[in-house]
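Residues per chain are reported as follows:
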Amino acid sequence: MALTQQQIQQVEAVLRNSLRHKFQNYNPEPAAMPFHTRLLGKDRMALFSFIHSLNTNFGTSIFEPVAKALASSTFASAELQQTAGNQISSEAQRVIQNIMDSLAVATSSPNKIEEVDAIRKVCQSGEMKTVKLTKVDIKLVGHDGTIYLFDLKTAKPNAGGFKEFKRTLLEWVATTLAANPTANVQTIIAIPYNPYEPQPYNRWTMRGMLDLDHELKVAAEFWDFLGGQGAYTDLLDIFERIGLELRPEIDAYFARYNRQ
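Residues numbered from 1 in each chain as written. Predicted model: local features only at pLDDT ≥ 70, side-chain atom pairs only at ≥ 80, totals over all residues. Heavy atoms only, no water.

1. Notes on the sheet that holds strand E7 (residues 216–218)
- The 5 strands are arranged E1-E4-E5-E6-E7 in an open sheet whose pairing can be described as mixed. Each having just a single partner strand, strand E1 (77–82) and E7 make up the two edges of the open sheet. Averaged over neighbouring strand pairs, the angle between their axes works out to 25° when direction is ignored.
- For strand E4 (residues 136–141) and strand E5 (residues 147–152), the ladder comprises 4 bridges, and the chain directions are antiparallel. The residue of E5 that forms the bridge with Lys-139 is Leu-149.
- Packing of helix H7 (residues 162–179) onto the sheet brings it into contact with E4, E5 and strand E6 (185–191), and relative to E6 it is tilted by some 150°.
- The sheet strands contacting helix H8 (residues 220–227) are E4, E5, E6 and E7, and the helix crosses E7 at an angle near 95°. (Pairing = 2+ DSSP bridges. Helix = DSSP H or I, 4+ residues; strand = E, 2+ residues; numbered from the N terminus. Axes fitted to C-alpha atoms, helices over the stretch in contact; angles between N-to-C directions. Contact = heavy atoms within 4.5 Å.)

Okay, here's the thing in structure tokens:
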């Protein structure tokens with residue numbers, strides 16, 4: 001077992017609280033679907049609507065707090081929805097644009113180590129500009145001081161968005177280094193599960209823009225990084241256990257739609 005009892009209890013609490021909060025506050029939007037409802041039943045249609053609603057904020061309501069619960073025991077600090085920084089140098093912006101241009105026309109391949117080195121050299125050169133960047137979903141600081149900034153994405157992110165994802169990762173590096181030029185910072189895209197299992201995650205859409213070895217963690221690779229080897233498997237067991245525990249509450253909640 002990779003997870004400690006404390007981690008397990010924290011994750012269980014997150015799941016119970018998130019689901020119960022959703023039940024208490026869920027107000028389905030009116031949507032008359034008479035054929036579907038008569039064919040499948042009001043309770044199943046209510047469940048379908050609930051799952052769709054849950055999926056839209058699964059990342060912020062479940063995955064992010066679960067990630068924090070796991071990482072809090074293995075990292076020096078773990079925080080959600082943080083700002084990478086608000087100052088960036090004009091020279092760093094120029095370097096980032098050059099990197100993006102080269103990747104876009106495939107004159108170079110993504111190499112995060114080289115890219116960070118290039119940004120570090122100019123992180124405080126030129127005019128310092130105030131910027132408002134995308135929030136960091138999960139910020140971790142290792143016991144050795146390494147800063148990890150995660151952008152948590154859906155299981156099947158839009159392939160067309162990876163250009164902007166890459167820019168965000170580089171800008172997070174630049175603003176972090178603007179404040180501390182010697183910082184060891186890693187910026188990473190995290191995808192919580194592999195929708196293609198048992199096949200490997202389909203990464204071809206990212207190749208050419210992301211350094212797959214240094215800028216992407218998927219499923220077990222992500223969760224085991226946060227909680228230790230085996231954390232992903234333990235996490236799936238916790239989700240199943242809490243689902244069984246709350247099944248009577250879930251069934252009672254949706255059964256009431258058949259009485260309406």
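And the narrative resumes.
2. Comments concerning the packing of helix H1 (residues 5–25) against helix H4 (residues 58–71)
- Contact geometry of H1 with H4 gives a least axis separation of 9 Å together with a crossing angle of 165°. The angle between the axes of H1 and H4 places the two elements in the roughly antiparallel class. Crossing handedness for the pair H1 and H4: right-handed. Each of Gln-7, Gln-10, Val-11, Val-14, Leu-15 and Ser-18 in H1 lies in contact with H4, whose residues at this interface are Ser-61, Ile-62, Pro-65, Val-66, Ala-69 and Leu-70.
- Tallied by class, residues from the contact of H1 with H4 come to 8 nonpolar, 4 polar and no charged. (Parallel < 35°, antiparallel > 145°, perpendicular 65-115°, else oblique. Left-handed = near helix turned anticlockwise from the far one by under 90°. Nonpolar A, V, L, I, M, F, W, Y, C, P; charged D, E, K, R; others polar.)

3. Some thoughts on unusual backbone geometry
- A cis amide bond, omega 5°, links Glu-197 with the succeeding residue Pro-198.
- Relative to the assigned elements, Pro-198 resides in the loop between E6 and E7.
- Its identity as a non-glycine residue notwithstanding, Gln-81 has a phi of 50°, on the positive side.
- Its place among the elements puts Gln-81 in strand E1.
- The phi torsion at Ala-219 lies on the positive side, around 55°, for a residue other than glycine.
- Looking at the secondary structure, you find Ala-219 in the loop between E7 and H8.
- Overall, Ala-219 belongs to the buried group, its relative accessible area being 6%. (Buried < 20%, exposed > 50% of the residue type's maximum accessible area, 1.4 Å probe, protein only.)

4. What about the environment of Val-173?
- Structurally, the position occupied by Val-173 is in helix H7.
- Spatially, the C-alpha atoms of Val-173 and Ile-138 are 15 Å apart, while their sequence positions differ by 35 residues.
- Residues in contact with Val-173, not counting those within four places in the same chain, are Lys-112, Val-116, Ile-119, Val-185 and Thr-187.

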